[in-house]
Every structure is written in C-alpha cells, then in structure tokens.
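Reading the structure
Listed here are the chains, written in short residue letters.
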Amino acid sequence: MPPHRIAIAGFQHETNTFGASLAGYREFEMADSWAAMLRGSDVSSGTKGSTLPLAGFVAEAARRPDWEVLPILWCSAEPSAQVTDQAFDSILGDITSALKAMAPVDAVYLDLHGAMVTQSHQDGEGEILRQVREVIGLNTPLIISLDNHANLTKAMVDLSDGICLFRTYPHLDMDATGARAARALAPMLDGYRPAKAWRQSPYLIPLQAQYTGMEPCRQLYAELSVPAADTQPESVAWTDFALGFPSADIHDCGPSIVAYAQT
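Scope of this entry: the structure provided in the associated data block. (Residues numbered from 1 in each chain as written. Predicted model: local features only at pLDDT ≥ 70, side-chain atom pairs only at ≥ 80, totals over all residues. Heavy atoms only, no water.)

**Let's talk about the packing of aromatic side chains**
Worth spelling out the cut-off: Side-chain rings of Phe, Tyr and Trp (the six-membered ring for Trp) are treated as a pair once their centres are within 6.5 Å; stacked means planes under 30 degrees apart, edge-to-face means over 60, and tilted covers the remaining angles. Secondary structure counts use DSSP, requiring at least four H or I residues in a row for a helix and at least two E residues in a row for a strand, with both numbered from the N terminus. For every residue, the accessible area (1.4 Å probe, protein chains only) is compared with the maximum for its type, and the residue is labelled buried under 20%, exposed over 50%, or partly exposed between those bounds.
Enumeration according to the criterion identifies 6 aromatic pairs in this entry. On the numbers, 4.4 Å between centres and 20° between planes, the contact of Trp-238 with Tyr-260 is stacked. Taken together, the residues span a long stretch of sequence, with Trp-238 in strand 8 (residues 238–242) and Tyr-260 in strand 9 (residues 256–261) at a distance of 22 residues. In this structure Trp-238 comes out as buried when scored by relative accessible area, which is 0%.

See below:
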C-alpha cells in the first residue's frame, strides 16, 4: 500500500491585544527566537533538533515507515499586538494553496499557538482551521498542537479532530507535544475519530500563577491522560488543559479543558 501522505505546516503568534506594534509579514519572515520563515523541505531540515512541536511531530513520524510527511511552511513572529490582515492572508493563502496543489492528502498537522488575534479575526486559529477545512473537507483528519497559553474556542475544537497542548510553563515539552499529536493521529488514518468534549471556565488565570512546577497547576497537569505510545482506537483517550492567555483580550479568553475518548 502507498504511504499515508500527511501535510504539515506551522503558523505561530502569541498576540497581546494591548501591545503597541502589529505583526506584519516581515516579522514572520525574519529569524528571532526561532528560525526565519521556512518553506518546503527546509521546514523539516530547518527545525530538526529543535524543541518545536513540529520537530517532535516529524521525529515521531519518521518512526512510521508508512507515513510520508509533506512539509509546506513554518513561521512565527515575536509576541506583539495583532497580526496584520496582509500578513495573515498571505501566509494562510500560501498554506491553503500548497494543500490544493498536493491534494489529496490523508491528514494535516498544524503547529499553531492558540492565542493569535488578527486585525479582522479575534480567533486567528479558528480562521486558519476554517480555511484549511475548506480545502481538505470534513473527512480528512486534522490535528493541531497548541501552547498551553491558548485561548481555546468552539471553532478550534469543532474544526479539528484533535488538539494537543503543552503541559509545562515554562515550556519544556514542546517537541513532546508534537510527538503526542502524531501518536494521536495514527488511528485516525485508519478511519477512527474520537468523541470530544470542551468546557471553558469563566475566569482568568494571571500569567504569574500559571507556573506548572507548583500548585495548583502541578497537580492539575499531573492528572491529565495521554495517548499511548502504540495507540489503538479503543485506547485513544486524552485530556488537555489550556491555561489561557489573558493578554489576548478576546471573547474566548481564559482557561478551558478539552477531552477525547472512544465513541
């Protein structure tokens, strides 16, 4: 049988809506804390050995000889105010155009942040997923990894088949989160879809209270379940907790929990 064709991309921004400067296209092109914008095969080679979620996904995928990873684009910009419409539309347009060109694919993995706000979209990630779904349809598995500062929205949960979030702050498990996303995706390639549930909490957690090395976050994260290393459909179950990013002052700002299990 031919290998499973899995398209991958990354588009990251942590938006502080109180910030003074916008994130334009140039901010996503340039190297900062992470690599400059990467395209095509440079996505895998340029992130290899890093702690990025996409690198963890690619490393886990390499363990599976029946997977073919198709890298499209990866970029990020330093935290700032909103992403400009020009930058958002251009980068997302490149991703969706590439997906159309390589169709059909068997699955899509996206390395996102979860707190992106643009000039026109409070829920940047929700809009990314909406446009990707328009290309790949409802039946193609779509899994994402997010920062645990994500402000989860109904659109993000509804439009994806699985969400895996960091479980440490400071972030020490980014690549491990990407690897978890790959393991969660594996049974979906055979047609399995887990049921999902999502709940938001009506309060904000200050950033200084989000440290996962002390209570209450330490115990909360210790109780979360994970997809098994050799996942079978009947054992696909995991829970993830988003602490939220209060500096992204949007309707869905705040903590929430998402859970997946057998239907």
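Still more to cover.
**Some thoughts on the packing of helix 3 (residues 53–62) against helix 7 (residues 174–185)**
Going by this rule: Between the N-to-C directions of two axes lies an angle of 0 to 180 degrees, each axis being a line fitted to C-alpha atoms and, for a helix, fitted only over the stretch in contact. Roughly parallel means an angle under 35 degrees; roughly antiparallel means over 145; roughly perpendicular covers 65 to 115; every other angle is labelled oblique. Here is the rule for handedness: rotate from the far helix to the near one, and if that takes an anticlockwise turn smaller than a right angle the crossing is left-handed, while a clockwise turn gives right-handed. Throughout, a contact is declared for two residues whenever any of their heavy atoms are within 4.5 Å. We call Asp, Glu, Lys and Arg charged. Ala, Val, Leu, Ile, Met, Phe, Trp, Tyr, Cys and Pro are nonpolar, and the rest, Gly among them, are polar.
Where helix 3 contacts helix 7, the axes come no closer than 6 Å and their chain directions differ by 45°. Between helix 3 and helix 7, the angle is such that the two are oblique. Every pair of crossing elements has a handedness; the one defined by helix 3 and helix 7 is right-handed. Only Met-174, Asp-175, Gly-178, Ala-179, Ala-181, Ala-182, Arg-183 and Leu-185 of helix 7 make contact with helix 3, whose side of the interface consists of Pro-53, Gly-56, Phe-57 and Glu-60. When the residues that make up the contact of helix 3 with helix 7 are grouped by side-chain class, the tally is 7 nonpolar, 2 polar and 3 charged.

**Some words on the sheet that holds strand 5 (residues 142–146)**
Short version of the rule: A pair of strands counts as paired when DSSP detects no fewer than two bridges linking them.
Spatially, 2-3-1-4-5-6 is the arrangement adopted by the 6 strands of the open sheet, whose pairing is mixed. Bordering the open sheet on either side are strand 2 (38–39) and strand 6 (162–165), each of which pairs with just one other strand. Pairing analysis gives 6 bridges linking strand 1 (residues 4–12) to strand 4 (residues 107–112), with the strands arranged parallel. Across the sheet, the residue bridging to Gly-10 is Asp-111, located in strand 4. Packed onto the sheet, helix 4 (residues 85–102) meets strand 1, strand 2, strand 3 (67–76) and strand 4 and runs at close to 165° relative to strand 3. Strand contacts of helix 7: strand 1, strand 3, strand 4, strand 5 and strand 6, with the helix running at about 155° to strand 6, the strand carrying the most contacts.

This is a description of form; function is not addressed.
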